[in-house]
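# Reading the structure
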Amino acid sequence: QVRGFSWLAFLRQYGLGACLADDMGLGKTIQALALIQKDREAGADRPVLLVCPLSVVSNWKKEAERFTPGLSLMVHHGLDRKKTAAFKRSAAKHTVVVTSYALLARDFETLRNIRWGGVILDEAQNVKNPQTNQARAARAIKADYRIALTGTPVENHVGELWSIMEFLNPGLLGSQTDFKRQFFIPIQFGGDKQAAERLSRITKPFVLRRL
């Protein structure tokens, strides 16, 4: 966990997006919270947007209360959730704003009007399809840094990696069309080992995976 946190902090220092791809149970939540805590102690004052499946919102609340009790966490969900100016005022009073992938797309106009200190996608495989509204919304959110947490950065095919990397470090793998031509088709359908190795060299600095 110390190694993962240090790696996240290093990339964040240089404005680079990071994909923490540890398996379940290895502490991705704690490492992300530690990074937020470090930023706050260094003087950061912008809230961090955390997007996760609705089913794990309560887990984030519990982990934050246990490991980083000094961080103020606000849940953006429910029929009575704040929007527009009221949301902006409320978010500014908290360290972390937690919302779901469904609301990331539905409330995009509200969320996009804040310059976030960071945006973190938990179970980031939820944006593996770059054409979905939630994937488009995630890429359009303005933030000082971006982190993806997922045990499965590639679930079905290598094309899903482009979507996560485009969120983390826009342009790193070129356009989606270029990616398909240089990597997806040669690797997925041709078994091109050289293309796979080249893709690994490009993405390896931004993906940390421990089984």
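Preceding this paragraph is the structure being described.
As the structure is a prediction and not an experimental result, all values here were calculated from the model.

Quick notes on the rules
Residues numbered from 1 in each chain as written. Predicted model: local features only at pLDDT ≥ 70, side-chain atom pairs only at ≥ 80, totals over all residues. Heavy atoms only, no water. Helix = DSSP H or I, 4+ residues; strand = E, 2+ residues; numbered from the N terminus. Expected span 1.5 Å × (residues − 1). Buried < 20%, exposed > 50% of the residue type's maximum accessible area, 1.4 Å probe, protein only. Pairing = 2+ DSSP bridges. Contact = heavy atoms within 4.5 Å. Axes fitted to C-alpha atoms, helices over the stretch in contact; angles between N-to-C directions.

## Let's talk about helix 2 (residues 28–41)
In this model helix 2 runs 20 Å from its N-terminal to its C-terminal C-alpha over 14 residues, within 8% of the 20 Å that 1.5 Å per residue would give. Those residues of helix 2 not exposed but buried are Lys 28, Thr 29, Gln 31, Ala 32, Leu 33, Leu 35, Ile 36 and Asp 39. Immediately beyond the C-terminal end of helix 2, within one or two residues, lies Gly 43, with a positive phi of roughly 110 degrees.

## Some details on the sheet that holds strand 7 (residues 207–208)
Pairing is parallel across the open sheet formed by seven strands, whose spatial order is 3-4-2-5-6-1-7. The strands lining the two open edges of the sheet, one partner per strand, are strand 3 (73–75) and strand 7. Both strand 1 (residues 18–20) and strand 6 (residues 146–149) contribute to a ladder of three bridges, which runs parallel. Each bridged residue has a counterpart across the sheet, and for Cys 19 the counterpart in strand 6 is Ala 148. Helix-sheet contacts for helix 8 (residues 159–168) involve strand 1, strand 5 (118–122), strand 6 and strand 7, and the interaxial angle to strand 6 is about 150 degrees.

By themselves, these figures tell us nothing about what the structure is for.
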